[in-house]
Amino acid sequence: MTTTPGIASTTADPAATRSAGSGATRSAGPGATRSTSPAVDPTTPRTTHSVFNQAPPRRDINEFTLNTALKDALARYGPGASHDELERIGALVGSADFINDARLANVHGPELRTHDDWGNRTDEIEFHPAYHRIIGDALDAEAHSYAWTHPGPGANVERAVRFMLFSQIEPGHACPVSMTHAVVPSLRADSALADFWVPRATAAGYDPRRIDPARKTAVTFGMAMTEKQGGSDIRANTTCAAPSGDHFLITGHKWFCSAPQSDAFLVIAQLDEGPSCFVVPRVLPGGDLNSVRIQRLKDKLGNRSNASSEVEFDATEGWLLGQPGKGVRTIIEMVAQTRLDCVLGSAAGMRQCVAEAAWHARGRAAFGSTLIDQPLMRAVIADLQLETEAATYTALHLAAAYDDDGAEAADFRRLATAVAKYWICKRGPEHAYEALECLGGNGYTEAFPLARRYREQPVMAVWEGSGNVIVLDVLRALAREPRSAKTFLGFLETGLGRHADFDAAYESLARSLQDAVQGLDSGDAAAQAALQARGRVLVEKMALLMQAAILFESAPAEVASSFAAARLGADRGREYGALPDGVDIDFLVERA
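Residues numbered from 1 in each chain as written. Predicted model: local features only at pLDDT ≥ 70, side-chain atom pairs only at ≥ 80, totals over all residues. Heavy atoms only, no water.

## Examining the overall build of the chain
Scanning the chain for helices and strands turns up 19 helices and 13 strands. In summary, the chain has a C-alpha radius of gyration of 28 Å against a globular reference of 25 Å for 592 residues, a match within 12%. Taking all 592 residues of the chain together, 54% fall into the buried category. Counting only contacts in the chain whose residues sit at least 6 apart along the sequence, the fraction spanning at least 24 positions is 73%. (Helix = DSSP H or I, 4+ residues; strand = E, 2+ residues; numbered from the N terminus. Rg over C-alpha atoms; globule rule 2.2 N^0.38 Å. Buried < 20%, exposed > 50% of the residue type's maximum accessible area, 1.4 Å probe, protein only. Contact = heavy atoms within 4.5 Å.)

## So, the pairing of strand 5 (residues 221-224)
Alternating positions in strand 5 separate into two faces, F221 and M223 on one and G222 and A224 on the other, with burial throughout. When strand 5 meets strand 7 (residues 247-258), the two strands line up antiparallel, connected through two bridges. Bridge assignment links M223 to a residue of strand 7, and that residue is S258. (Pairing = 2+ DSSP bridges.)

## Quick notes on the nonpolar core
Across soluble globular proteins, nonpolar side chains show a tendency to be buried alongside one another. Core analysis: the largest hydrophobic core is formed by 139 residues, its most contacted members being F278, I381, L396, L478, L492, M542 and M546. When sequence neighbours within four positions are dropped, the list of residues in contact with L492 reads F502, Y506, L509, L545, M546 and A549. C175, A182, W197 and V219 belong to the second largest nonpolar core, which has 29 residues in total. (Core = buried A, V, L, I, M, F, W, Y, C linked by side-chain atoms within 4.5 Å.)

## What to know about unusual backbone geometry
A positive phi is found at A259, a non-glycine position, where the angle reads about 55°. Counting through the fold element by element, A259 comes out in the loop between strand 7 and strand 8 (264-271). With a relative accessible area of 0%, A259 lands in the buried category. Here the phi dihedral of F367 falls at roughly 55°; this positive angle occurs in a residue that is not glycine. Topologically, F367 is positioned in the loop between strand 12 (365-366) and strand 13 (369-370).

## Details of the packing of aromatic side chains
Considering all chains together, one arrives at nine aromatic pairs under this definition. Ring centres 5.3 Å apart and planes at 80° place the aromatic pair W197 and F221 in the edge-to-face group. You can see W197 sitting in helix 8 (residues 191-201) and its partner F221 sitting in strand 5, a full 24 residues away along the chain. Note on accessibility: W197 and F221 belong to one class, buried. Pairing Y433 with Y454 gives two aromatic rings, centres 6.3 Å apart and planes at 55°, and the pair type is tilted. Residue Y433 is found in helix 11 (residues 407-438), and its partner Y454 is found in helix 12 (residues 449-462); the two are separated by 21 residues along the sequence. Residue Y433 is classed as partly exposed on the basis of its relative accessible area, which comes to 34%. When the ring centre of F163 is taken as origin, the NZ or CZ atom of R159, which lies over that ring, is 4.6 Å away. Positioned above the aromatic ring of F256 is the side chain of K298, whose terminal nitrogen or guanidinium carbon lies 4.3 Å from the ring centre. (Phe/Tyr/Trp six-rings, centres within 6.5 Å; stacked < 30°, edge-to-face > 60°. Lys NZ or Arg CZ within 6 Å of the ring centre and 35° of its normal.)

## Some thoughts on the confidence of the model for the chain
On average, residues of the chain score 93 in pLDDT, and 93% of them reach the 70 mark or higher. Note on residues 1-32: pLDDT under 50 across the span, and 34 contacts to partners over four residues away in sequence or across chains. (pLDDT = per-residue confidence, 0-100.)

## Focus: the pattern of salt bridges
Opposite charge on two side chains permits pairing when their charged atoms draw close. Per the stated rule, a full pass over the model turns up 30 salt bridges. When the shortest N-O distance is used, the salt bridge between R162 and E158 registers 2.7 Å. Taken together, the residues span about one helical turn, with R162 and E158 both in helix 6 (residues 155-169) at a distance of four residues. Classification of R162 as buried rests on a relative accessible area of 5%. Relative accessible area serves as the criterion here: at 2%, E158 is assigned to the buried category. Put simply, R574 and E430 hold a salt bridge, and the shortest N to O gap is 2.9 Å. Highlighted residues: R574 in the loop between helix 18 (557-568) and helix 19 (585-591) and E430 in helix 11, separated in sequence by 144 residues. Looking at E430, the relative accessible area reads 22%, which means it is partly exposed. Several salt bridges share partner residues, and in doing so they unite R339, R414, D473, R476 and E481 into one network. (Salt bridge = Lys/Arg side-chain N within 4 Å of Asp/Glu carboxyl O.)

## Things to note about the pairing of strand 9 (residues 274-281)
For strand 9, a buried count of eight out of eight residues is recorded, marking the element as mostly surrounded by other parts of the structure. Counted along the chain from strand 8 to the antiparallel partner strand 9, the turn is two residues long.

## Focus on the side chain of D403
Residue position: D403 is located in helix 10 (residues 375-403). In this structure, D403 is buried with no salt-bridge partner, the nearest side chain bearing the opposite charge being R413 at 8.6 Å. A polar side-chain atom of D403 sits 2.8 Å from the main-chain amide nitrogen of N156. Setting aside anything within four residues of it in sequence, one finds D403 in contact with G152, P153, G154, A155, N156 and V157. (Lys, Arg positive; Asp, Glu negative; His and termini not counted. Polar contact = N/O pair within 3.5 Å; in protein donor to acceptor, adjacent residues only side chain to side chain.)

## Structural notes on the packing of helix 6 against helix 10
With their axes 7 Å apart at the nearest point, helix 6 and helix 10 run at an angle of 140° to one another. In this view, helix 6 runs oblique relative to helix 10, as classed from their interaxial angle. When you trace helix 6 past helix 10, the crossing you get is right-handed. Across from A155, N156, V157, A160, V161 and M164 in helix 6, the residues of helix 10 making contact are L396, A399, A400, Y402 and D403. Classifying every residue of the contact of helix 6 with helix 10 gives nine nonpolar, one polar and one charged. (Axes fitted to C-alpha atoms, helices over the stretch in contact; angles between N-to-C directions. Parallel < 35°, antiparallel > 145°, perpendicular 65-115°, else oblique. Left-handed = near helix turned anticlockwise from the far one by under 90°. Nonpolar A, V, L, I, M, F, W, Y, C, P; charged D, E, K, R; others polar.)

## Overview of helix 15 (residues 500-522)
Its 23 residues place the ends of helix 15 34 Å apart at the C-alpha level, agreeing with the 33 Å of an ideal helix rising 1.5 Å per residue. Within helix 15, the full set of buried residues consists of F502, A505, Y506, L509, A510, L513, A516, G519 and L520. On its buried face, helix 15 is in contact with helix 13 (467-480), helix 14 (482-492), helix 16 (525-533), helix 17 (535-554) and helix 18. Directly beyond the C-terminal end of helix 15, a positive phi value near 75° is found at G523. (Expected span 1.5 Å × (residues − 1).)

## A closer look at the side chain of R413
Inspection of the secondary structure assignment puts R413 in helix 11. Here R413 occupies a buried position and makes no salt bridge, while the nearest side chain of opposite charge, E333, is found at 5.2 Å. Other than its neighbours up to four places away in sequence, R413 contacts A401, Y402 and D404.

Below, the structure is given as structure tokens:
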């Protein structure tokens, strides 16, 4: 038993453990004396120590109002956003009940039931009620649809903030939320399919029932693209489709089907013309189950509240979306949107990490002072916050680019989304580890959220194109879309003259980009292979300069100059907390 902090502790008498019910101690041998002390009931609770010097639970707080970087970035990119609604969401996700639901949804993950008790095929996914509450709250708050239902300046930015607030506390449910958001541009490739599905995909609300989608006002979408033999190489898919009246019959498999409980999926299957995109409903018109056979759920490192599966199609009914043989083109905008959401999710995870680390450091003392007041810890917290600031501002800058229908914005986001997805998502796992270490042993236990976050962060780097796939995409864009490279470099020029380290890094990148474009245009196989080999170096430079330029444009000067010194300077450190001169540690710690 323990007492509350400040209550004096007592130590149990070892002899008491040997007391007899008569109140005397049995003789232990010659010369032993009889005890006259009163009997101690062994069932009576006894105090062994007081609990003190533990940070209070980080519960029942407002995750929006406490997030200074997010509020500042929102003021820059979405000044018309509904602060009342964002504060409501911030209080909801910061509540003890929501945080406990996040724990329950991951401890009690989804379970597959392929058959009912009588042997009928059901392919049903069972979720803990906590999962349904969480995703229901997110969909009610239009974390999936606000950008589509409220089009105009700042719509994608406000939707991004809503999505990030929910993802910060429970990221697994964000997978179907993201796909349901991202599917809308692809659905618009067919007016009839769009008329049926888009109003349901953009509706506020959650209906998990497996019924005819015509009877539902709100639906969710999943994806089934990759196969055993091909992975990201969609053109290697073997799943095929054959016409059958107004639809197609699909036969084959998918190695990864995301959110198999969804109402419908985008599926890539081969036609004679090449890979094509299909809408595959989970339940057919009239209410019968479509033949989407769930083989098993993936046993994943993290992301355990979310169901990922292997599926087989056996004459599964699907409706062609877009032109035959143009499936990759049909899904490309969906992929761009989900890549943006990977950036949003990683940035949200970084906020959770630094917030938990700073909270602990403010509530715990060691070696004579509070942790947050100790120089080493302040340097680590400041660096974690600096990374979070850069990710947050970049995320909302990109979201704002999706609010702009102009050609220049489209050219910018073509490269910038891929570059940010590569870098920010790769920074997530190491950031989570360093924050976890700030909590010491507590951080390594499942009682605190950072162990779960540490397992979660890698999925954002893997999903929608792992690192090498993204680098190849950037190189492809440089070769095929020179306007994107010109627009990207033009944006970086806005940061010139602000910091000597930025200027030097910009000149180096400009030369590297020029060499890359020349190598790609040359047709020389050896030159192109050499460019691929150093592709990660190029994309990393692009990412750091883009983040710095965004911070110079929109963030407090203390943040921007600190980032340039810590990430672009010659004295930059490798580990978090290894900061050079010129970083405003006090300013950053105050914002954590």
